[in-house]
Amino acid sequence: MPSITKPKVTHPGLRKNELELTVRDYEGAMSTLCAGCGHDSVTAALVQALWELSVPPHMIAKLSGIGCSSKTTAYFAAGAHGFNSVHGRMPAIATGANAANRDLLYVGISGDGDSLSIGLGHLSHAIRRNVRMLYIIENNGVYGLTKGQFSASADIGSRSKRGEPNTVMPIDPVMLGLSIGATFVARAFSGDKQQLVPILKAAARHRGFALVDVTSPCVTFNDHEGSTKSYLYTREHDLKVTSTDFVPPAPEILATIPPTGHALIPMHDGSLVRFHAVPPDYDPTNRVAVMDYLQQHHDRGEVVTGLLYVDESVEDVHELNNTSHIPLAQLPYERLCPGADALERLQERFR
Amino acid sequence: MDPTNVQDPNYYHRVVDCQWACPAHTNVPEYIRLIAQGRYTDAYMTNRESNVFPGVLGRTCDRPCEPACRRGRIDGSPVAICRLKRVAADLRGDITELLPRIPAAKNGKRVACIGAGPASLTVANDLMPLGYEVVIFEKHDKPGGLMRTNIPAFRLPASVLDEEIAMILDMGVDIRYDSPIESMGALLAEKFDAVFVGSGAPRGKDLELPGRHDTDRIHIGIDWLESIAFGHVDSIGERVLIIGVGNTAMDCCRSSRRLGGTEIKVMARRPRPYFKASPWELEDAEEEGVEIVINHAPKRFVVEDGTLLGMEFERLEWDQDARHSRTIDTIFMPCDDVILAIGQENAFPWIERDLGIEVGKWDMPIVDEATMQSTRPGVFFGGDSAWGPKNIIWAVEHGHQAAISIDNHCHQIPVTDRPPQGMNLVTQKMGISEWSYHNDYNPSPRQRMQHVDLTERFKRLELEVELGFDAEQTAREVQRCLNCDIQTAFTASLCIECDACIDICPVQCLTITPNGDEHELRQRLSAPADNLDQPLFASEALPQTGRVMIKDEDVCVHCGLCAERCPTAAWDMEKFELKIPYAGSVMWSSR
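Computed from a prediction, not measured in an experiment: that's the story for all the values here.

What counts as what
Residues numbered from 1 in each chain as written. Chains lettered and ligands numbered in written order. Predicted model: local features only at pLDDT ≥ 70, side-chain atom pairs only at ≥ 80, totals over all residues. Helix = DSSP H or I, 4+ residues; strand = E, 2+ residues; numbered from the N terminus. Rg over C-alpha atoms; globule rule 2.2 N^0.38 Å. Buried ≥ 20, exposed ≤ 12 C-beta atoms within 10 Å, placed from the backbone. Contact = placed C-beta atoms within 7 Å. Domains from an automatic or database assignment. Expected span 1.5 Å × (residues − 1). Pairing = 2+ DSSP bridges. Axes fitted to C-alpha atoms, helices over the stretch in contact; angles between N-to-C directions. Nonpolar A, V, L, I, M, F, W, Y, C, P; charged D, E, K, R; others polar. Parallel < 35°, antiparallel > 145°, perpendicular 65-115°, else oblique. Left-handed = near helix turned anticlockwise from the far one by under 90°.

### Examining the overall build of chain A
Item 1. Helix and strand content of chain A: twelve helices and twelve strands.
Item 2. Computed over C-alpha atoms, the radius of gyration of chain A comes to 21 Å, within 12% of the 20 Å expected from 2.2 N^0.38 for 351 residues, which places it in the range of a compact globule.
Item 3. For chain A, the spread of C-alpha atoms along the principal axes amounts to about 70 × 50 × 50 Å.
Item 4. Expressed as a percentage of the 351 residues in chain A, the buried residues total 45%.
Item 5. The long-range share in chain A, meaning contacts at least 24 apart out of those at least 6 apart in sequence, stands at 71%.

### Topic: the domain arrangement of chain A
Item 1. According to the domain assignment, chain A contains domain 1 (23-242 + 279-321) and domain 2 (251-277).
Item 2. Each of domain 1 of chain A and domain 2 of chain A has a C-alpha centre, and these two points are 28 Å apart.

### Thoughts on helix H17 (residues 392-410) of chain B
Since the α-helix turns once every 3.6 residues, residues separated by three or four places project in the same direction.
Item 1. Between its first and last C-alpha atoms H17 of chain B spans 26 Å; for 19 residues at 1.5 Å apiece the expected length is 27 Å, and the two agree.
Item 2. A positive backbone phi angle near 55° is found at Gln412 of chain B, which sits one or two residues after H17 of chain B.

### Points about the sheet that holds strand S2 (residues 81-84) of chain A
Adjacent strands of a sheet pair through backbone hydrogen bonds, lying either parallel or antiparallel.
Residues and elements named next belong to chain A.
Item 1. Spatial strand order, S2-S1-S3-S4-S8-S7-S12-S9: eight strands in an open sheet with mixed pairing. In this open sheet, the two strands that pair with only one neighbour each are S2 and strand S9 (238-240). Within the sheet, the average angular offset between the axes of one strand and its neighbour, ignoring direction, is 20°.
Item 2. Judged from the six bridges that link them, strand S7 (residues 184-189) and strand S8 (residues 209-215) form a sheet pairing that is parallel. By the bridge assignment for S8, Phe184 is matched with Ala210.
Item 3. Packing of helix H1 (residues 38-52) onto the sheet brings it into contact with strand S1 (60-64), strand S4 (133-139) and S8, and relative to S4 it is tilted by some 155°.
Item 4. Contacting strand S3 (105-111), S4, S7, S8, S9 and strand S12 (303-310), helix H7 (residues 193-204) runs over the sheet at an angle of about 155° to S7.

### With respect to unusual backbone geometry
All names here are of chain B.
Item 1. Residue Gln412 is not a glycine yet carries a positive backbone phi of 55°.
Item 2. Mapped onto the fold, Gln412 is located in the loop between H17 and strand S16 (422-427).
Item 3. Classification of Gln412 by C-beta neighbours within 10 Å gives exposed; the count is 9.
Item 4. Even without a glycine there, the phi angle at Asp499 is positive, about 75°.
Item 5. Position of Asp499 relative to the elements: it lies in the loop between strand S19 (486-490) and helix H20 (500-504).

### As for helix H14 (residues 247-258) of chain B
All names here are of chain B.
Item 1. Taking 1.5 Å as the rise per residue, H14 with twelve residues should run 16 Å; its terminal C-alpha atoms sit 17 Å apart, in good agreement.
Item 2. Of all twelve residues that make up H14, twelve are buried, and the element is covered over most of its length.
Item 3. Along H14, the positions that sit buried rather than exposed are Asn247, Thr248, Ala249, Met250, Asp251, Cys252, Cys253, Arg254, Ser255, Ser256, Arg257 and Arg258.
Item 4. For H14, the elements touching its buried residues are helix H13 (221-229), strand S7 (239-243), strand S8 (263-267), helix H15 (279-287) and strand S13 (337-340).
Item 5. Gly260 sits one or two residues past H14 and shows a positive phi near 120°.

### Thoughts on the interface of chain B and chain A
In many reports, interface size means the accessible area that the parts give up when they come together.
Item 1. Each side of the interface is counted separately: chain B has 32 residues, and chain A has 25 residues.
Item 2. Among the elements of the structure, helix H7 (70-75), strand S18 (434-435), H20 and helix H22 (561-564) of chain B are those that each provide at least two residues to the side of chain B that touches chain A.
Item 3. Of all the elements, H20 of chain B adds the most residues to the side of chain B that touches chain A, at three residues.
Item 4. Its residues assigned to classes, the side of chain B that touches chain A comprises 18 nonpolar, five polar and nine charged.

### A closer look at the sheet that holds strand S23 (residues 571-579) of chain B
Residue and element names in this part refer to chain B.
Item 1. As summarised here, the arrangement of the three strands in space is S16-S23-S19, forming an open sheet in which the pairing is antiparallel. One side of each edge strand has no neighbouring strand; the edge strands of this open sheet are S16 and S19. Geometrically, the sheet is characterised by an average inter-axis angle of 45° between neighbouring strands, direction not taken into account.
Item 2. Sheet topology places S16 next to S23; six bridges connect them, and they run antiparallel. When the bridges of S23 are listed, Asn424 appears paired with Glu577.

### Focus on the domain arrangement of chain B
All names here are of chain B.
Item 1. Domain boundaries in chain B define domain 1 (99-202 + 346-410) and domain 2 (204-344).
Item 2. The straight-line distance from the C-alpha centre of domain 1 to that of domain 2 is 32 Å.
Item 3. Opposite the eight residues of domain 1 that make contact, domain 2 presents ten residues.

### Considering the packing of helix H4 (residues 40-51) of chain B against helix H8 (residues 81-91) of chain B
Residue and element names in this part refer to chain B.
Item 1. Interhelical geometry of H4 versus H8 gives an angle of 120° and a closest axis separation of 8 Å. As judged from the angle between their axes, H4 and H8 are oblique. H4 and H8 meet at a crossing whose hand is left-handed. Along the contact surface, H4 presents Tyr40, Ala43, Tyr44 and Asn47, while H8 presents Lys85, Ala88, Ala89 and Leu91.
Item 2. For the contact of H4 with H8, the class distribution of residues is six nonpolar, one polar and one charged.

So this is what it looks like as structure tokens:
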């Protein structure tokens, strides 16, 4: 815990977004995580992404469960709504919240313990229902809060701080998501914000469940030699398969992008965006091919990162369940609670 | 960029903006911390080591440190460094035991100083503890030079001046009052081992316009102030015009206010942004009801039968940069007295031209900027007599450098052999998230100096106007200091590039990025580094990716959060202490 809270003083040249807010306005409380924790970098990336997207802080709902990762929600967007749930139950809470209010941006933050052990069932069903949310797994391969036991995402052969190798098969949230119909699947690294920030922006704007698995090293229990989730290992084995950036919806611009290299395309606001072609051997819209690609590279010990799979055509939770367009909190009382007669008529339909 | 060489004391020194800007390199953050701890005597001694006259300078310094202060770039107003210096001077205890010991056995070297102003006194201060015999020749019957004659007592009480000068004279200086030097040749014939000229710039510039010599009511500013200081003048007419708008003009107008002037105008040729006076001195004069009139160029004095009626001025209209002007019309302003405060110059009629002391432009002696030596070995210049009017703190620094040169000269060491500056870096870490300095940012605004009420102020000429900071003001002002001397020291080999420092920095001064040339790098940092006066720190290549850590020093608030959030202690907060060499602080091997 730092000796002081981050001083309110700012750089004199600090820029403002469309809402006249600075990036500092998207910060939260001081982090009590270990110094150097990857999760703090994910927080910083999230702060940057939300600021760049000009999301009004009061239109964000932050949700989390239990674990180091789940503390993260306290450290950004102090003006947002929040819900800290029972261990592993955050996806269920998020699903309910979605049904009640479709106007908010739901940011769920979880870890490999919260999502892949105790909460695996809830996560799977939130993916199946295509709940509209940004779901971040801060994945470090250990239970940091209980002093560094292997988690369900620890790789075979990865060694603990004391030297013992892990012998149990890992659950890869990316493969899990692909296998049960996730519509937005990405992997990133907390130590590379240039890649992480655009992915988070795209994920926040995805219509459906956006799963972002972030390798976020545990600096205290899993950043040593022999770990496969350390800063150094991730950097040495990182294979960036796609280049991701988020371009906000606007009238169509037609351009040709060469099969290799990149093209600079002017946008409507005058900025230049560098478009890279997707590699010829990679198709992020072909679920089976992506799974095949990931398996092959995993076998070679590579950590494939980038926006790996996206499908915007599938119905989301609201279309699937015909949820209310108006948040329940804004419905007039008579519509929300139409009275005994209405209940009677409803029940009549089931007789 | 090449990795920054932090072994060179200049790098960290430059980060301490105030110390870097101070001609004498006073260790400002250190003495402000000492004041915060209530250690006024220690704060005073820290000051005295470099600037010799903390009580005087705490009231009168030109404060080059304040425009440089980093706090000014953060919230618009610098720390009130100068007035904190006065707090230390006012509240200190007895320092007799802390002053250097003067050896009973002298080293046999005799040094003559001409003029008992701040430059000569500094030379004596530095050389007496080394066993020198110092003789000061002073034309007045009191020491202090321009500090006494040109700074009015309502800004600098004589008691403060007397006390700080006495500390030096009591070292055993042989001071000879009423002894103007009439001939350099005669002085040199007395076979001193070295001669130091600290005679100031004693001649006020005159304004040769029609009518100048037809009346005795036109005064030269510095001479007039001197006459007040020695009690020769105690009144002036009601309507006074001051010509010129430097700090001397401010002292003249405020003195006039106390001697009977009621309608006082300071006449400036150019618009306000081009005034030479310090903004705070202008403010103080205006508070006392002095009117400052811009864009008026003096044309002639209007004198009838030996009586000064007033002055004619041309009203000017300036172009944008105030380079060229156009005369609009000519106007008359009535007055009883005119005071000319348009600058000072040096005058050396007493230096014979056949002594090997060469003069250059404007009859000024040629003086080496590093050694203060003239073209005649063993003759040194300092203070205003070296290159014309500067200020007290520059005179002090000249004195220090001249003392080093004199010490070298007297020991047959080339005066160009300058002892090097050194530095000390000491970690401030006391434990996890615990520092030995107060690292939090305090949002207090700059404290306003309290003044004696206007109703009281003019009753006595020598009544000091500024009351000094009270305890609460001091407590707030010391916390505004950003501790710029507590440096962010980085060890590249320890960095794991986790970004924690970058994420926590409140002012976005850190970036990890591929290396490039400085100009291009400045545009792609966490925040653009547009202040080119402030350096970038560049690390060695980082172990994991070969990128570099860049720190823009511009607005770092030295909060230490980067070091607190660093898991590997690659960042540390280390107190920088500049080791300033003074005469005798380096033992040359030949001695």
